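Residues per chain are reported as follows:
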Amino acid sequence: MHMMFVDESGDPGYPKDKKWIDWGGSKLYIRVGVIIHGWKWKTWNERLIRFKKQNGLSWNAEVKASHIRKGKKEFSGWDKPRRVLFFDDLLSLIGGNIDITILSVSINKALVDTSKIDRFVKPEIRSFELLLERYNSFLDIQSDKSGIVVLDPVCAGSDDNIRYFQSYLQAYSTHLKPLRIVEGTFFAKSHTSNMVQIADICSNVFYRKEINTKKSNDEFKTIYPRFWRRNNRVSGYGIKRWPVKKAPRKF
């Protein structure tokens, strides 16, 4: 069975009156899934633990992108060159592992038609739907066609909504047939799961790439080989951007 560990970057909110220029939130909402087969998980997990220990961390240290970048918690006291080297080495570890597949969804909230129903307006819901569709398509071409979903719980209310929504999609979405994903969503707190931590790293890197921050291209290029592709295409498969900006009409 495959396991997809999911995390997100950005916030799901909208500014009042669509005044994006003065708003302090994010225009993008990113959701990323990192897939590994159950048979491959143990070897990869042990490799991550060795990597942590080799860098002076305990086996159960929580590795989060924001902590590394800002020198917080486990990385408190580390100078910037050491943190940058650790982050780059971790990305190389991810990018070089052929057993890992990455799926990603980028929601441009500024392009969303907020007059639609919640399913198409709330980025935390829409991104999850689009991610599940890609995961189901990925599973469809594997020899082992079953998979589960593991999320980092944020708050109890939204988790219940996500669990209900996944069950709803599995029952009614035409894009999830034949269904390959095991019913229900599983939750694992970041500090208890190395793979949820890897999903956090990948979502952070993809988010920074989408908003074109400094050094983001180099970081993204390191993990780019792991993004799922079909017929040599990543767009629409390993990377889904929504909504699609419509070209102006010609008269």
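Up top is the structure.
Residues numbered from 1 in each chain as written. Predicted model: local features only at pLDDT ≥ 70, side-chain atom pairs only at ≥ 80, totals over all residues. Heavy atoms only, no water.

Caption draft 1: Representation of the overall build of the protein chain within the structure. When helices and strands are tallied, the protein chain shows 8 helices and 6 strands. Going through the 251 residues of the protein chain one by one, you find that 48% of them count as buried. Relative to all contacts within the protein chain whose residues are 6 or more apart in sequence, the contacts with residues 24 or more apart total 72%. For the protein chain, the accessible surface area stands at approximately 13,400 Å², while carbon and sulfur atoms represent 51% of it. (Helix = DSSP H or I, 4+ residues; strand = E, 2+ residues; numbered from the N terminus. Buried < 20%, exposed > 50% of the residue type's maximum accessible area, 1.4 Å probe, protein only. Contact = heavy atoms within 4.5 Å. Areas by Shrake-Rupley, 256 points an atom, 1.4 Å probe, with all protein chains shown as cover.)

Caption draft 2: Examining the pattern of salt bridges more closely. Under the counting rule described, the total for this entry stands at 10 salt bridges. Lys64 is the salt-bridge partner of Asp200, the closest N and O atoms lying 3.5 Å from each other. Of this pair, Asp200 sits in helix α7 (residues 194–210) while Lys64 sits in the loop between α1 (38–54) and α2 (65–70); the two residues are 136 residues apart in sequence, bridging distant segments of the chain. Classification of Asp200 by relative accessible area gives buried; the value is 10%. Among the ionic contacts, a cluster of salt bridges with common partners joins Arg69, Arg208 and Glu219. (Salt bridge = Lys/Arg side-chain N within 4 Å of Asp/Glu carboxyl O.)

Caption draft 3: Structural view of the packing of aromatic side chains. Per the stated rule, a full pass over the model turns up 13 aromatic pairs. Where Phe75 meets Trp78, the ring centres are 5.0 Å apart and the plane angle is 80°; that geometry is what we call edge-to-face. Like Trp78, Phe75 is buried. Judged by centre distance (5.8 Å) and plane angle (90°), the ring pair of Phe138 and Trp228 falls under edge-to-face. Of this pair, Phe138 sits in helix α5 (residues 123–140) while Trp228 sits in the loop between α8 (216–223) and β6 (239–242); the two residues are 90 residues apart in sequence, bridging distant segments of the chain. Judged by its relative accessible area of 5%, Phe138 falls in the buried class. (Phe/Tyr/Trp six-rings, centres within 6.5 Å; stacked < 30°, edge-to-face > 60°.)

Caption draft 4: Region of interest: the pairing of strand β2 (residues 28–37). Burial runs high along β2: 10 of the 10 residues are buried. Residues of β2 alternate between two faces, with Leu28, Ile30, Val32, Val34 and Ile36 on one and Tyr29, Arg31, Gly33, Ile35 and His37 on the opposite face, all of them buried. Pairing geometry for strand β1 (residues 2–9) and β2, over 8 bridges, is antiparallel. Along β2, the bridge assignment pairs Glu8 with Arg31. With 8 bridges connecting them, β2 and strand β3 (residues 101–108) associate as antiparallel partners. Considered in β3, the bridge of Ile35 is made with Thr101. (Pairing = 2+ DSSP bridges.)

Caption draft 5: Main features of helix α3 (residues 80–95). In this model α3 runs 22 Å from its N-terminal to its C-terminal C-alpha over 16 residues, within 8% of the 22 Å that 1.5 Å per residue would give. Buried residues of α3: Arg83, Phe86, Phe87, Leu90, Leu91, Leu93, Ile94 and Gly95, and no others. Against α1, α2, α7 and α8 lie the buried residues of α3. Two to three positions downstream of the cap, the backbone nitrogen of Arg82 sits 3.0 Å from a side-chain oxygen, assigning the N-cap of α3 to Asp79. (Expected span 1.5 Å × (residues − 1). Polar contact = N/O pair within 3.5 Å; in protein donor to acceptor, adjacent residues only side chain to side chain.)

Caption draft 6: Examining the packing of α1 against α3 more closely. Orientation of α1 relative to α3, taken along the N-to-C sense of each, is 165°, at an axis distance of 12 Å. Relative to α3, α1 is oriented roughly antiparallel. Pair α1 / α3 crosses with right-handed handedness. Two secondary-structure elements touch here, α1 through Trp44, Arg47, Leu48 and Phe51 and α3 through Phe86, Asp89, Leu90, Leu93 and Ile94. (Axes fitted to C-alpha atoms, helices over the stretch in contact; angles between N-to-C directions. Parallel < 35°, antiparallel > 145°, perpendicular 65-115°, else oblique. Left-handed = near helix turned anticlockwise from the far one by under 90°.)

Caption draft 7: Examining the nonpolar core more closely. Core analysis: the largest hydrophobic core is formed by 41 residues, its most contacted members being Trp44, Phe86, Leu90, Ile198 and Ile201. No other element matches α7, which puts 9 residues into this core. Those residues in contact with Ile198 that lie beyond four places of it in its chain are Val34, Trp44, Leu48, Leu90 and Ile94. Counting 19 residues, the second-largest nonpolar core is a separate cluster that includes Val105, Ile107, Leu151 and Trp228. (Core = buried A, V, L, I, M, F, W, Y, C linked by side-chain atoms within 4.5 Å.)

Caption draft 8: Broad picture of the packing of α1 against α7. It is at 10 Å that the axes of α1 and α7 come closest, and there the two elements cross at 75°. Judged on the interaxial angle alone, α7 and α1 are roughly perpendicular. Contacts between α1 and α7 involve Trp41, Trp44, Asn45, Leu48, Ile49 and Lys52 on the former and, on the latter, Asn194, Met195, Gln197 and Ile198.

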